[in-house]
Amino acid sequence: MASFNKVILAGNLTRDPELRYTPKGTAIAKIGLAVNRNYTTETGEKKEEVSFVDVEVWGRQAEVISQYMKKGRPLLVEGRLKQDTWEDKNTKQKVSKLKVVLESFSFIDSNRGDSAGGSPAPSRPAPAGQSAAPAAPEASEGEAPPENDDVPF
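Residues numbered from 1 in each chain as written. Predicted model: local features only at pLDDT ≥ 70, side-chain atom pairs only at ≥ 80, totals over all residues. Heavy atoms only, no water.

Enquirer: I'd love a proper account of the overall build of the protein chain, names of residues and values included.
Expert: Counting its secondary structure elements, the protein chain contains one helix and six strands. Traced from its N-terminal end to its C-terminal end, the protein chain shows the element sequence β-β-β-β-α-β-β. Relative to its full complement of 153 residues, the protein chain shows a buried share of 23%. (Helix = DSSP H or I, 4+ residues; strand = E, 2+ residues; numbered from the N terminus. Buried < 20%, exposed > 50% of the residue type's maximum accessible area, 1.4 Å probe, protein only.)

Dropping the structure here:
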């Protein structure tokens, strides 16, 4: 059976990131994201629906998000869904919660000029081993580069 687990969300942080470290020193940040949906009902009434999503961030990404992001700032996240299940201490009932485990993110510049925010957050660098643009093939000396007049599709 095929399986695909990918989430892409853009929203605003509902609180400042909570940064902690495991005993081995791995950073973990927990953030909340509010994602808004604006729509018009059949009667023409404009409505807004807000979804609140918990996001878990690991490693260096957790430290970067904790350093640059604050409550209310916009963020684009890509990740996967994960369901946590545990037993409630009081009722002994099984409880579960769905969250997003972040795999990558992008800062969304809000251009708000926050006084508390300081300088704007930097854009995310390309992952190690990858350049921002693909390298062009080099032509041999005396040889003209190939012409790509036709687009093959």
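Enquirer: So what about the pattern of salt bridges? Which residues, and what values?
Expert: Here the structure, examined in full by the defined rule, presents 10 salt bridges. Ionic pairing is found between Lys97 and Asp54, a salt bridge with its closest N-O pair at 2.5 Å. Pair noted here: Lys97 is in strand S6 (residues 94-107) and Asp54 is in strand S4 (residues 46-58), with a separation of 43 residues, a long-range link. Here Glu56 and Lys99 are joined by a salt bridge, their closest N and O atoms 2.6 Å apart. Taken together, the positions of Glu56 in strand S4 and Lys99 in strand S6 put the pair 43 residues apart, joining distant regions of the chain. Side by side, Glu56 and Lys99 carry an identical accessibility label, which is buried. Through salt bridges with shared partners, a single network forms among Lys6, Glu78, Arg80 and Glu103. (Salt bridge = Lys/Arg side-chain N within 4 Å of Asp/Glu carboxyl O.)

Enquirer: An account of the environment of Ala10 is requested, with residue identities and associated values reported.
Expert: Its location among the elements puts Ala10 in strand S1 (residues 7-13). Judged by relative accessible area, which is 42%, Ala10 ranks as partly exposed. Considered as a pair, Ala10 and Ala34 are 24 residues apart in the sequence and their alpha carbons are 8.4 Å apart. Sequence-distant contacts of Ala10, defined by excluding residues within four places in its chain, comprise Val35, Leu75, Leu76 and Ile108. (Contact = heavy atoms within 4.5 Å.)

Enquirer: Talk me through the environment of Gly25; I want residue IDs and the actual numbers.
Expert: Within the secondary structure layout, Gly25 lies in the loop between strand S2 (18-21) and strand S3 (27-40). Gly25 sits 34 residues away from Gly59 along the chain, and the two C-alpha atoms are 9.1 Å apart.

Enquirer: Hey, could you go over the pairing of S3 for me, with residue numbers and the actual values?
Expert: Taken residue by residue, a regular strand's side chains alternate between the two faces of the sheet. By the bridge criterion, two bridges tie S1 to S3 in an arrangement that is antiparallel. Counterpart to Leu13 in the pairing with S3 is Leu33. Bridge count for S2 against S3 is four bridges, and the pairing is antiparallel. Bridging across to S3, Glu18 finds its partner in Lys30. (Pairing = 2+ DSSP bridges.)

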